[in-house]
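One letter stands for each residue in the lines below.
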Amino acid sequence: QVQLVGSGGGLVQVGGSLSLSCAASGLTFSSYAMAWFRQAPGKEREFVSGISWRGNTYYADSVKGRFTASRENTKNTMTLQMNSVKPEDTAVYYCAAGGRGVQYDPRNWDYWGQGTQVTVSS
């Protein structure tokens, strides 16, 4: 059974930093692309960042230069380092795993974590 467990969310002030983690089990982690999506109240789930099984990274324009994704295949974990956060980064963040490479459409991902809340206060 595949399980993705996201953690690290919380309350952070504007301009601050936060690190999210996603621990995976039940799959051959090194063979899967991984991603972070987020969903704010009343909005659709949107792509934040993705990392291929090789480690190639992709970012939404809104977070480029501020967020950094990484993965550690020996530990089956993925991390999202969030710097210089803004109020518009407030959302529930979900990690995802997929076998089709990094996809921007959330419908193309196979497995999802439970989500972790990030709230940026001004």
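Placed above this text is the structure.
Residues numbered from 1 in each chain as written. Predicted model: local features only at pLDDT ≥ 70, side-chain atom pairs only at ≥ 80, totals over all residues. Heavy atoms only, no water.

**Overview of the pairing of strand β8 (residues 77-82)**
Next up, step 1: Side chains M78, L80 and M82 project from β8 onto a buried face, and the interleaved T77, T79 and Q81 project onto a face without burial.
Next up, step 2: Judged from the six bridges that link them, strand β3 (residues 18-25) and β8 form a sheet pairing that is antiparallel. Across the sheet, residue L18 finds its bridge partner in β8, namely M82.
Next up, step 3: Sheet topology note: the strand β7 (residues 67-72)/β8 ladder contains six bridges and is antiparallel. Each residue of the ladder has a partner; that of S70, found in β8, is T79.
Next up, step 4: Between β7 and β8, which pair antiparallel one after the other, the connecting turn spans four residues, and N76 there sits at a positive phi close to 55°. (Buried < 20%, exposed > 50% of the residue type's maximum accessible area, 1.4 Å probe, protein only. Helix = DSSP H or I, 4+ residues; strand = E, 2+ residues; numbered from the N terminus. Pairing = 2+ DSSP bridges.)

**A few points about the nonpolar core**
Next up, step 1: In this structure, L20, M34, W36, F67, L80, M82 and Y93 are the most contacted members of the largest nonpolar core, which totals 36 residues.
Next up, step 2: Put simply, the parts of the chain that give this core at least two residues each are β3, β4 (33-39), β5 (46-51), β7, β8, β9 (91-98) and β11 (116-121).
Next up, step 3: The contact partners of M34, leaving out residues within four places of it in the chain, are L4, C22, F29, S49, G50, I51, R71, M78, A96, A97 and W109. (Core = buried A, V, L, I, M, F, W, Y, C linked by side-chain atoms within 4.5 Å. Contact = heavy atoms within 4.5 Å.)

**Brief notes about the side chain of D89**
Next up, step 1: Summarising the element assignment, D89 is placed in the loop between β8 and β9.
Next up, step 2: Residue classification places D89 among the buried positions, given a relative accessible area of 0%.
Next up, step 3: For D89, the side chain forms a polar contact with the side chain of R66, separated by 2.8 Å.
Next up, step 4: Setting aside residues no more than four positions away along its own chain, D89 makes contact with R38, R66, F67, V118 and V120. (Polar contact = N/O pair within 3.5 Å; in protein donor to acceptor, adjacent residues only side chain to side chain.)

**Considering the sheet that holds β8**
Next up, step 1: In space, the four strands of this open sheet follow the order β1-β3-β8-β7, with antiparallel pairing throughout. The two strands at the open ends of the sheet, each matched to only one other strand, are β1 (3-7) and β7. Ignoring strand direction, the axes of neighbouring strands in this sheet form an average angle of 15°.
Next up, step 2: As paired strands, β1 and β3 are joined by five bridges and run antiparallel to one another. In the strand pairing of β3, Q3 is matched with S25. (Axes fitted to C-alpha atoms, helices over the stretch in contact; angles between N-to-C directions.)

**As for the pattern of salt bridges**
Next up, step 1: Under the criterion given, the structure shown has six salt bridges.
Next up, step 2: The closest approach of N and O atoms between R107 and D105, which form a salt bridge, is 2.7 Å.
Next up, step 3: With a relative accessible area of 23%, D105 lands in the partly exposed category.
Next up, step 4: Through salt bridges with shared partners, one network takes in R38, E46, R66 and D89. (Salt bridge = Lys/Arg side-chain N within 4 Å of Asp/Glu carboxyl O.)

**Brief notes about the side chain of R66**
Next up, step 1: Assignment of secondary structure puts R66 in the loop between β6 (57-59) and β7.
Next up, step 2: By relative accessible area, which is 10% here, R66 ends up buried.
Next up, step 3: One polar contact links the side chain of R66 to the main-chain carbonyl oxygen of S62, over a distance of 2.8 Å.
Next up, step 4: When near neighbours in sequence (up to four residues on either side) are disregarded, R66 contacts Q81, M82, N83, S84, V85, K86 and D89.

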